[in-house]
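Inside the fold
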Amino acid sequence: MKTDLDAIVVGAGFSGLYMLHRLREQGLTVRVFERGTAVGGTWYWNRYPGLQCDTETISYSFTFDKAMYNDWTWSRRFAPREEIQRYAEYVTDRLDLRKDIQFQTSVTFAHFQEDSNTWKVGLDDGTVLTARYLVTASGPLSTANVPTLPGLPSFAGEVYHTATWPREDVQFAGKRIAVIGTGSSGAQVICNGGIAEQVENMVVFQRTPQYITPAKQMVLSEEVVRERKDNLDALVEEMKNSSFGAPGTSTDRSAFEHTPEQRKEVFEAAWEYGAQAFALATYNDLTSNEEANGFAAQFVRDKISEIVTDQETARKLMPTYLFGTKRPIKADNYYETFNRDNVELVALKEEPIQEVTSNGIQTADGFYELDMIIFATGFDAVTGTLFNMDIRGVGGQTLREKWVNGAEVMAHLGVATQGFPNMFMCQGPQSPSVMANFLYGIELNVGWTARLIGRLAASNVERAEANADAEFQWADMVQKQAEATLLLKTESWWSGANIAEKPRPKYFLTYLGGVKNYREVLDANEANGFEGFTFSSALEPAAAVLV
Ligand code: NA7
């Protein structure tokens, strides 16, 4: 059956951009629908002061086009948000993608049509389109988690969320502000955005104290930039064969190979080096062995005690959960910020919020007068945005029903799920996505998916559907990987436990096997004709074969 388009892609973040490029290269007609006014995805929406990427720019760049890599120059070791936004625009123009992206348009529904093996897709302007393939590139971190605090609607001051930050400038000078949440976003708002220097007073409402190691941001010299560009092939080799998809992010050494003195030296050097070194390149058993984990945890607690002058504040800042079982945070001068006279810490587990009033927050121990509340409370991660779209597969089943509201998420190779034929997820659940350098992950995961779609489009296959046994085996393997680590011992967005209304997933939401292994699995699967899918055709049932 003739459709309006070969493929509809939801979202113009980096996944959507790369998918558009790859599908178009194979001759498909594609349209991307993006609710924002520009490309960039999560970088477009999270425009709060201080935001920077915590993967180094050396590898947080597309590498598939050498000239495109070489013609772009990053200014710093970690890209500030504005620079990533410019990079996304650069990629868009360089690959001439803009003409196939429709901005300020949300996909409201996507329903699979069993009689024609096509997708009917509704947009918020009332348009309905048909396509053979539906591709979700809506991002794992794109639906904000906004807690309901008693009395919040009565607050007369300004209220912001890091993930839906306004495009207009926010004025901080002389104001009394609250930051609620101390994950990566909260930490960056607190110490990286220059806010503490402007406000009269900043009160940080911290639920769980975090392990925060220095990022060690720096301006890149011309020589460093030149060297990176001259050595791209070697860099890509290293990324391909690493676990995180970035250089300097793995080690074969166990913490037990060293004496306590040697460990201290290793941790100290990694602390000074910054980036991912402390969490990923010190020892290989920090997130699999509790004793090894304790070495790293204690090192950070000792640092907090050294850095923070007031020992009561230092005590409140000290994390007690297992190191690395929430996403490790990298930020410069985080603990130092609490030595400022105008920065105050409220440990919510000791001093819970009772209510928000028109002019502040009342806790069990006191009242904090405020002009502004900033929520840095994270995301309904991985499945949140997928569930918010009305996606219905075979028999009208919604994706939320299929995945039992998040309790039983299963996605073959992190790409496709049974009952939703011709639907493919970019960086979907159970792909490495948030556990690896996201841009390199896109090249792997989206590149593979685009090749599959290209093969389907070139063949007489009308319908490609993940098999139930394949998705179960994949989900079960992903869960076993997680069980071999300490990650399930902590409640976090990684373990799908940060949204009160959602059940804890039976199968872990992210593939933990690392980039190298995932790449090898995808390559082998492709070489074997894309195993784990059933390919069919209504017109030629016996002859549906991938060419
Ligand atoms: P995170 O990492 O989910 O952090 C959210 C923070 O907000 C965290 O400190 C939470 O405490 C806190 N939180 C959540 N709900 C509440 C309520 N109701 N009250 C008080 N505090 C709360 O989100 P981010 O945006 O910082 O980072 C997400 C990812 O983006 C990051 O990992 C990088 O990959 C980029 P908790 O720890 O749950 O007790």
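Refer to the structure above for everything that follows.
Quick summary incoming for the structure in this document. All residue numbers refer to position in the chain's written sequence, counted from 1. Note on the predicted model: pLDDT of at least 70 is required for a residue's local features to be given, and 80 or more for side-chain atom pairs to be given and counted; whole-chain, interface and lining totals, by contrast, use all residues. Side-chain measures were taken over the full set of non-hydrogen atoms in the model, leaving aside hydrogen atoms and water.

1. Considering unusual backbone geometry
- In this structure, Val 382 is a non-glycine residue whose phi angle is positive, near 65 degrees.
- Its location among the elements puts Val 382 in the loop between β16 (372-375) and α13 (384-388).
- Taking relative accessible area as the criterion, Val 382 reaches 9% and is therefore assigned buried. Strands are runs of DSSP state E lasting at least 2 residues, helices are runs of H or I lasting at least 4, and numbering of each runs from the N terminus. Categorising residues by exposure relies on relative accessible area from a 1.4 Å probe, with only protein chains included: less than 20% of the type maximum marks a residue as buried, more than 50% marks it as exposed, and the intermediate range marks it as partly exposed.

2. Description of the sheet that holds strand β12 (residues 343-347)
- Paired strands are those between which DSSP finds at least two bridges. Taken in spatial order, the 5 strands of this open sheet run β7-β16-β8-β9-β12, and their pairing is parallel. Each edge of the sheet is formed by a strand with only one pairing partner; in this case those strands are β7 (158-161) and β12. Geometrically, the sheet is characterised by an average inter-axis angle of 20 degrees between neighbouring strands, direction not taken into account. Only the stretch in contact is used when fitting a helix axis, every axis being a line fitted to C-alpha atoms; angles between N-to-C directions are given from 0 to 180 degrees.

3. Section: the packing of aromatic side chains
- By convention, a stacked pair of Phe, Tyr or Trp rings (six-membered ring in the case of Trp) has centres within 6.5 Å and planes under 30 degrees apart, an edge-to-face pair has planes over 60 apart, and any other such pair is tilted. Per the stated rule, a full pass over the model turns up 37 aromatic pairs.
- Taken together, the ring pairs in this structure connect Phe 14, Tyr 18, Trp 43, Tyr 60, Phe 62, Phe 64, Trp 72, Trp 74, Tyr 87 and Tyr 90 into an aromatic cluster.
- Only when the NZ atom of a Lys or the CZ atom of an Arg is both within 6 Å of the ring centre and within 35 degrees of the ring normal do we say a charge sits over the ring. Across the ring face of Phe 295, the terminal group of Arg 263 is positioned such that the distance to the ring centre comes to 3.6 Å.
- The cationic tip of Lys 326 hangs over the ring face of Tyr 321; the distance from NZ or CZ to the ring centre is 5.7 Å.

4. Points about helix α5 (residues 184-192)
- Taken across its 9 residues, α5 has 7 buried, putting it largely inside the fold.
- What α5 keeps buried is the set Ser 185, Gly 186, Ala 187, Gln 188, Val 189, Ile 190 and Cys 191.
- Structurally, α5 contributes buried residues whose contacts are with β8 (176-180), β9 (201-206), β10 (212-213), β11 (329-330), α12 (334-337) and β16.
- Of the residues one or two after α5, Gly 194 is the one with positive phi, at around 70 degrees. The contact definition used throughout considers only heavy atoms, calling two residues in contact when any of these lie within 4.5 Å.

5. Some thoughts on the pattern of salt bridges
- Counted as salt bridges are all cases of a side-chain nitrogen of Lys or Arg within 4 Å of a carboxyl oxygen of Asp or Glu. Summed over all chains, the structure comprises 29 salt bridges.
- Two residues, Arg 176 and Asp 371, come together in a salt bridge whose shortest N-O distance is 2.8 Å. With a gap of 195 residues between them, Arg 176 in strand β8 and Asp 371 in the loop between β15 (367-369) and β16 connect regions that are remote in the sequence.
- On the basis of relative accessible area, Asp 371 is assigned to the partly exposed category, the value being 24%.

6. Considering empty space enclosed by the protein
- As defined here, a cavity is a set of points on a 1 Å grid over the protein atoms alone where a 1.4 Å probe fits but cannot get out. A pocket is an open set with protein on both sides within 12 Å along at least five of seven lines, and residues line them when an atom is within 4 Å of a point. Grid points are joined across faces, edges and corners, and a volume is the space filled by probe spheres set on the points. Under the criterion given, the structure shown has 4 cavities of 30 Å³ or more.
- In this model, the largest cavity occupies a volume close to 100 Å³.
- Forming the boundary of the largest cavity are 14 residues, of which Ala 381, Thr 383, Gly 496, Lys 502 and Leu 509 lie nearest the centre.
- Grouping the amino acids of the lining of the largest cavity by side-chain chemistry returns 8 nonpolar, 4 polar and 2 charged.
- Of the volumes computed, that of the second largest cavity is approximately 80 Å³.
- For the second largest cavity, the full set of lining residues is Thr 57, Ile 58, Ser 61, Tyr 69, Trp 72, Thr 73, Trp 74, Val 225, Arg 228 and Lys 229.
- Polar here means any residue outside two lists: the nonpolar Ala, Val, Leu, Ile, Met, Phe, Trp, Tyr, Cys and Pro, and the charged Asp, Glu, Lys and Arg; Gly therefore counts as polar. In the lining of the second largest cavity, the residues fall into 5 nonpolar, 3 polar and 2 charged.

Any functional reading would require information beyond the geometric quantities listed.
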